[in-house]
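Fold and contact review
Residues per chain are reported as follows:
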Amino acid sequence: MLEKSFKLKNIENRYPIVQGGMGVGVSLFELASAVGKKDCVGTISSAILDQLVPLRVGGDRMSNIEAAEREVFDTKQVGGVAAINIMCALVSSYEDSLEGAIKGGVDMVVSGAGLPMNLPSQVKKIVGTNDHDVNLVPIVSSARALELICKKWERQGYRPDAIVLEGPKAGGHIGWSYKQVIEAGADFLKKYDLFDELLKPVLEVAGKYRNDSGAIPVIVAGGVYTYGDIRQALYLGASAVQMGTRFAATKESGFTDESKQLIVEAREEDIVLGDDYWGSPCKLPFRYLKKSPLVDEDRKGNDFCICTTLLGGVGVDNSEKLGTKEFQRGCPEKYVLLPGKICPATGATNYTPMVSTGTEGYRVDKILSVDELVDELVGL
Ligand SMILES: Cc1cc2nc3c(=O)[nH]c(=O)nc-3n(C[C@H](O)[C@H](O)[C@H](O)COP(=O)(O)O)c2cc1C
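Below: a short report on this structure. (Residues numbered from 1 in each chain as written. Predicted model: local features only at pLDDT ≥ 70, side-chain atom pairs only at ≥ 80, totals over all residues.)

1. Points about the packing of helix α2 (residues 49-57) against helix α3 (residues 64-77)
Heads up, the rule is: In this analysis an axis means a line fitted to C-alpha atoms, helices contributing only their contacting stretch, and an angle means the value between N-to-C directions, from 0 to 180 degrees. Helix and strand labels come from DSSP, where a helix needs a run of H or I of at least four residues and a strand needs a run of E of at least two; each type is numbered from the N terminus. Note on terminology: angles under 35 degrees are roughly parallel, angles over 145 are roughly antiparallel, angles of 65 to 115 are roughly perpendicular, and the others are oblique. Left-handed describes a crossing whose near helix is turned anticlockwise from the far helix through less than a right angle; right-handed describes the clockwise counterpart. Residues are scored as being in contact if the C-beta atoms we place from backbone atoms lie within 7 Å. Think of it as three bins: nonpolar holds Ala, Val, Leu, Ile, Met, Phe, Trp, Tyr, Cys and Pro, charged holds Asp, Glu, Lys and Arg, and polar takes everything else, Gly as well.
With their axes 8 Å apart at the nearest point, α2 and α3 run at an angle of 50° to one another. The orientation of α2 relative to α3 falls into the category oblique. Between α2 and α3 the crossing geometry is left-handed. Of the residues in α3, those in contact with L49, D50, V53 and V57 of α2 are N64, A67, A68, R70 and E71. Of the residues assigned to the contact of α2 with α3, the class counts are 5 nonpolar, 1 polar and 3 charged.

2. Thoughts on α2
Threshold: Three exposure classes are used. Buried residues have 20 or more other C-beta atoms within 10 Å of their own C-beta, exposed residues have 12 or fewer, and partly exposed residues fall in between, all C-beta atoms being placed from the backbone.
Listing the buried residues of α2 in full gives L49, D50, Q51, L52 and V53. Of the residues one or two after α2, G58 is the one with positive phi, at around 85°.

3. Some words on the packing of helix α4 (residues 94-103) against helix α5 (residues 119-127)
At their nearest, the axes of α4 and α5 sit 10 Å apart, and the two run at 55° to each other. On the basis of their axis angle, the class for α4 and α5 is oblique. Note that α4 runs across α5; the crossing there is right-handed. On the side of α4, the interface is formed by E95, L98, E99 and I102, while α5 contributes Q122, V123, I126 and V127. Per-class residue counts for the contact of α4 with α5 are 5 nonpolar, 1 polar and 2 charged.

Rendered as structure tokens:
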């Protein structure tokens, strides 16, 4: 059984397991609160909470601040530790999601899909001081990125409370460019192997930039699948693991039943890294299931582009806005994953899900409850 707890500023979890934030709509209140209740860290994805939270609580569309506050507050009421994942790529809602989450009492802010260079100042602007209870946790994929963040944060008088080191086997977006993926070819996963290549240099930088309680804790992510993997990660110096795929395939995840079934049926060769066409606003490669209905049907109608969603929802004609400032990252042709559940919020009648898992998604053979999964992962 896992004996090591996971401590950060003002929080202590019995188990060193963080459920990764999963957008759009995959990790919401239902999943995060169930994970928190099992003494792990539950993470809400901030993506389009303004449209998703009213689906759960009723009422009209909320502001991003109200929605993040409500989702975090309700999750915390269940009793566990609550984190929020805010992607840097969601530029227009970033600060509102942050403010709402802090008002709701969030314990940890995890931020990637870009480097959250100004997160400490953004939090300070909201709470008025650097001396607060919120753990600020950037996601990086290399020692170099960590070093950059530490230097930039130091100028804001803050050091990361922990970091997530995400390797190339992760679900969702990965932190390497298309060029790096193509150049490494068949050796890509080996060249950037989480444990063999990435962890050691990152632990060195984390040791160099110590925070008040010692070296910056490193949470590893990407391909961690079993109790044995978690033990190995801890043995190699990680303070905790972050897992996405395992939690995406639980009863409490926001994926539709159809999407969960696709994960159960997926074979290793069905899980692929997107090329530019199947990219996303983050401009980073995205891992998805080849059998996702969106890909199978090859719908190019652009009705499930996240930009479309952010600009008012499916069914709204945004064609005149293409190429304008409102598409801040200029990605109107590209898709991101959608679990289907968001569609009622956006007015779609015939959604087409895009399903993502990490490389190990093919090993899922059954949809477990969070309760069953955590018991398995901690070796009970
Ligand atoms: C369906 C899915 C959606 C994800 N969405 C996000 C996201 O919105 N933001 C983010 O930082 N990471 C996202 N991730 C990455 C996870 O938080 C986690 O770091 C990663 O899945 C770990 O790798 P694993 O899937 O092998 O466990 C996503 C992962 C999955 C499987």
